[in-house]
Amino acid sequence: MRTYATLADVNGSPWRLGLSAEAAEDLIALASADVERLTMTAVYEVDTDGLPTDPVVRAALRDATCATVAWLDETGDTSGAAARYNSLSLGSFSVSGGGVGSGTNTDAAASLVAPRAITILQNAGLIGRAPRTP
């Protein structure tokens, strides 16, 4: 599996998450998979490992992954379950809000990715428009 960020990336500026290697490993893998899903129709040159050769594209994928790691760390919702329900309780922890179909979130999968990651990918031309030839 490709990962688009490293521990140094998520703990560096501007993210400064301070995650341990153990805590970050799973979040980076989940975030990279979500970023890859979002950019599956994007067209760009890759190296033999499937990573972008263009430094601008590489930076966008890295930053979107870091933003998603921060989002997953902050929300604690690595499964997307909170987006599927109007309320969720685990022991003394309780969350309420719009779930799918409530008019506030019509795509549960979108909640797994930070809004900032969407902006980063859109600004880089990797989502939100037709694929372009490199």
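Since this is a predicted model, take the numbers as computed values, not measurements.

**Q** Just checking my understanding: could you explain the pattern of salt bridges for this structure?
**A** A pair can form between side chains of opposite charge whenever their charged atoms are brought close. Applying the stated criterion across every chain yields a total of three salt bridges. Residue glutamate 36 is joined to arginine 2 by a salt bridge in which the shortest nitrogen-to-oxygen separation is 2.7 Å. With glutamate 36 in helix α2 (residues 21-38) and arginine 2 in the segment before α1 (7-11), the pair connects residues that are 34 residues apart, well separated along the chain. Among the residues examined, glutamate 36 registers a relative accessible area of 27% and is labelled partly exposed. Classification of arginine 2 as partly exposed rests on a relative accessible area of 30%. We note a salt bridge from aspartate 63 to arginine 62, for which the minimum N-O separation is 2.9 Å. By relative accessible area, arginine 62 is classed as partly exposed at 31%.

**Q** It is not clear to me how α2 should be interpreted in this structure. Could you clarify?
**A** Since the α-helix advances by 3.6 residues per turn, residues separated by three or four positions end up pointing in the same direction. In a regular helix each residue adds 1.5 Å, so 18 residues correspond to 26 Å; α2 covers 25 Å between its end C-alpha atoms and thus fits that length. Of the surrounding secondary structure, the elements contacted by the buried residues of α2 are α1, α3 (55-75) and α5 (115-123).

**Q** Explain the side chain of threonine 39 here, please?
**A** Along the polypeptide, threonine 39 turns up in the loop between α2 and α3. With relative accessibility at 4%, the residue threonine 39 sits in the buried group. Ignoring any residue separated from it by four or fewer positions in sequence, one finds threonine 39 in contact with Leu61, Leu121, Leu126 and Ile127.

**Q** Help me out: how do you make sense of α3 in this one?
**A** Helix length check: α3, at 21 residues, gives a terminal C-alpha distance of 30 Å against a target of 30 Å (1.5 Å per residue), a fit within 8%. For α3, the complete set of buried residues consists of Val57, Ala60, Leu61, Ala64, Thr65, Cys66, Ala67, Thr68, Val69, Ala70 and Leu72. Packing partners of the buried residues in α3 comprise α1, α2 and α5. Its side-chain oxygen at 2.7 Å from the backbone nitrogen of valine 56, aspartate 54 defines the N-terminal cap of α3. Glycine 76 sits one or two residues past α3 and shows a positive phi near 70°.

Rules and cut-offs
- Residues numbered from 1 in each chain as written.
- Predicted model: local features only at pLDDT ≥ 70, side-chain atom pairs only at ≥ 80, totals over all residues.
- Heavy atoms only, no water.
- Salt bridge = Lys/Arg side-chain N within 4 Å of Asp/Glu carboxyl O.
- Helix = DSSP H or I, 4+ residues; strand = E, 2+ residues; numbered from the N terminus.
- Buried < 20%, exposed > 50% of the residue type's maximum accessible area, 1.4 Å probe, protein only.
- Expected span 1.5 Å × (residues − 1).
- Contact = heavy atoms within 4.5 Å.
- Polar contact = N/O pair within 3.5 Å; in protein donor to acceptor, adjacent residues only side chain to side chain.

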